[in-house]
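# Summary of the model geometry
So the chains spell out like this:
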Amino acid sequence: MKLNEIIVITSGKGGVGKTTTAANIGAGLASRGKKVALIDTDTGLRNLDLVLGVESHICYTLIDVAKGKISYEKALIRHPQYQTLYLLPTSQKYDKSAINGNDLTKICKQMRNSFDFIIIDCPAGIEQGFKTAIAAANTAIIVTMPEMAALRDADKVVGELNRADFTDIKLIINRIRPDMVSRGDMLDITDIKDILGVTVIGQIPDEEAIIKSTNRGQPVIEDKSSLAAQAYRDITCRLCGETVPFLDLSCKSSFLGKLKHLFK
């Protein structure tokens, strides 16, 4: 993937880990020396600042920039740990009609030459907030889970992106339970790829480490003991054009299963 890329991270269903994914991809790219801007477009709710642990640093928002009150530079928050990672937060005081696709496109054009990657955290669903967020991007990453409701909504998003003339659509499968996959109680990566017809660039196992890190406002990607963190690091490598094999998520589950059988 080339630099100066504008990526929208979206999902059909809420609660699939889209914002956590945006934060960890941003942190992963920044840890590789890329200059990254994260833009929260979930106006009225706003959670990306919490996941990054910078909620107390907000002075200005995306809406202030869109209304021409300040420049985008003044609204940017530099992450205290990742020196090349910035957040442009949105407002909780307005609803999603406070900014439109033209506004966001104009802002991203102003920012583009100053960043290697601009990552837009899109609201869930396919309503006005979705249409605003995708207007400025040329690459889309859909986050879904191996559940039928999430996959049906993700399929709807694929259709909307196709109608918006997106040619670069990728998929991240989140909250995978290897034990359930091995029992046939959860769809695997091949099944999901066949259903959605989209290139998969990552599969994230369901881990407590993600919940703990999110609650602390710290991206999990720096956790060397976390398989999910390694999966996020692999995704950032792929976004930088590297060929990285997918983790075999069944290994850990199989090993634990053997231990349980041994001690029985």
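In every chain, residue numbers begin from 1 and rise along the written sequence. Local features are withheld for residues below a pLDDT of 70 in this predicted model, meaning they are given only at 70 or higher, and side-chain atom pairs are given and counted only at 80 or more; totals for whole chains, interfaces and linings count all residues. In computing side-chain properties, one takes all heavy atoms of the structure into account and sets aside hydrogens as well as water.

Naming follows an unreviewed UniProt entry, where the chain appears as Septum site-determining protein MinD of Pectinatus cerevisiiphilus. UniProt positions are given in the numbering used here, feature names are shortened, and annotations may be inferred rather than shown by experiment. Looking at the Function (unreviewed entry) heading of the UniProt record, one finds this comment for the chain: "ATPase required for the correct placement of the division site. Cell division inhibitors MinC and MinD act in concert to form an inhibitor capable of blocking formation of the polar Z ring septums. Rapidly oscillates between the poles of the cell to destabilize FtsZ filaments that have formed before they mature into polar Z rings." UniProt's Sequence similarities (unreviewed entry) comment on the chain is quoted here verbatim: "Belongs to the ParA family. MinD subfamily."

## Some words on the overall build of the chain
In DSSP terms, a helix is any run of H or I states spanning at least four residues, a strand is any run of E spanning at least two, and both are numbered starting from the N terminus. From N to C terminus, the chain includes twelve helices and eight strands. Relative to the 2.2 N^0.38 estimate, which gives 18 Å for 264 residues, the radius of gyration of the chain is 18 Å and therefore close to what a compact globule would have. For the chain, the C-alpha atoms occupy an extent of roughly 65 × 40 × 35 Å along the three principal directions. Put simply, the chain has 264 residues, and 51% of those count as buried. Pairs of residues are marked as contacts when any of their non-hydrogen atoms sit within 4.5 Å. Relative to all contacts within the chain whose residues are 6 or more apart in sequence, the contacts with residues 24 or more apart total 75%. Accessible surface area values rest on a Shrake-Rupley calculation with a 1.4 Å probe, where residue burial reflects the displayed protein chains alone. Looking at the chain as shown, the accessible area adds up to about 12,400 Å², and 49% of this sits on carbon and sulfur atoms. Only C-alpha atoms enter the radius of gyration, while the globule expectation follows 2.2 Å times N to the 0.38, with N the number of residues. Only protein chains enter the accessibility calculation, which uses a 1.4 Å probe; a residue whose area is less than 20% of its type maximum is buried, one above 50% is exposed, and one in between is partly exposed.

## Remarks on the UniProt feature "binding site: ATP" (unreviewed entry) in the chain
This chain's UniProt record puts "binding site: ATP" (unreviewed entry) on Lys13, Gly14, Gly15, Val16, Gly17, Lys18, Thr19 and Thr20. Within the secondary structure, Lys18 sits in helix α1 (residues 18-31). Once residues within four sequence positions are removed from consideration, Lys18 is found in contact with Ile9, Thr10, Ser11, Asp121, Cys122, Pro123, Ala124 and Val143. Summarising the element assignment, Thr19 is placed in helix α1. Ignoring sequence-local partners within four residues, the contact set of Thr19 consists of Asn47, Leu48, Val51 and Asp121.

## Notes on the pattern of salt bridges
Just to be clear on terms, a salt bridge is a Lys or Arg side-chain nitrogen sitting within 4 Å of an Asp or Glu carboxyl oxygen. Scanning the entire structure with this criterion turns up nine salt bridges. With its nearest N and O atoms 3.2 Å apart, the salt bridge here joins Asp121 to Lys18. Of the two residues, Asp121 is situated in strand β5 (residues 117-121) and Lys18 in helix α1; the sequence distance between them amounts to 103 residues. Take Asp121 and Lys18: they sit in the same class, and that class is buried. Between Asp179 and Arg183 there is a salt bridge, and its shortest N-O distance comes to 3.9 Å. In this pair, Asp179 and Arg183 both sit in helix α8 (residues 178-183), four residues apart, roughly one turn of the helix. Among the charged side chains, a salt-bridge network with shared partners connects Arg177, Asp179, Arg183 and Asp185.

## Some words on unusual backbone geometry
Positive phi outside glycine occurs at Asp165, with the angle close to 70°. As for its position among the elements, Asp165 is in the loop between α7 (148-163) and β7 (169-176). Not every positive phi belongs to a glycine, and Arg175 is a case in point at roughly 60°. For Arg175, the position within the fold is in strand β7. Taking relative accessible area as the criterion, Arg175 reaches 34% and is therefore assigned partly exposed.

## Quick word on the side chain of Asp121
Given a relative accessible area of 2%, Asp121 falls into the buried group. At 2.9 Å, the side chain of Asp121 and the side chain of Thr19 are in polar contact. Setting aside residues no more than four positions away along its own chain, Asp121 makes contact with Ile9, Lys18, Thr19, Ala22, Ile39, Asp40, Thr41, Asp42 and Leu48. Counting of polar contacts relies on pairs of N or O atoms within 3.5 Å, with two restrictions inside protein: one atom must be capable of donating a hydrogen and the other of accepting it, and residues adjacent in sequence are counted only when both atoms are side-chain atoms.

## Digging into the nonpolar core
Only buried residues count toward a nonpolar core. Its members are Ala, Val, Leu, Ile, Met, Phe, Trp, Tyr and Cys residues joined through side-chain atoms within 4.5 Å. With 45 residues, the main nonpolar core has Val8, Ile39, Leu88, Met111, Ile118, Ile120 and Leu161 as its most contacted residues. No other element matches α7, which puts five residues into this core. Those residues in contact with Ile39 that sit more than four places away from it in its chain are Leu62, Leu88, Leu104, Cys108, Met111, Ile118, Ile119, Ile120 and Asp121. Grouped together as the second largest cluster of nonpolar side chains are 37 residues, Ile9, Ala23, Met145 and Ile172 included.

## Remarks on the environment of Ser11
Here Ser11 shows up in the loop between β1 (5-10) and α1. The exposure class assigned to Ser11 is buried, which follows from its relative accessible area of 1%. For the pair Ser11 and Ala229, spaced 218 residues apart in the sequence, the C-alpha separation amounts to 21 Å. Beyond its immediate stretch of four places on either side in the chain, Ser11 contacts Val16, Lys18, Pro123, Ala124, Gly125, Ile142, Val143 and Val157.

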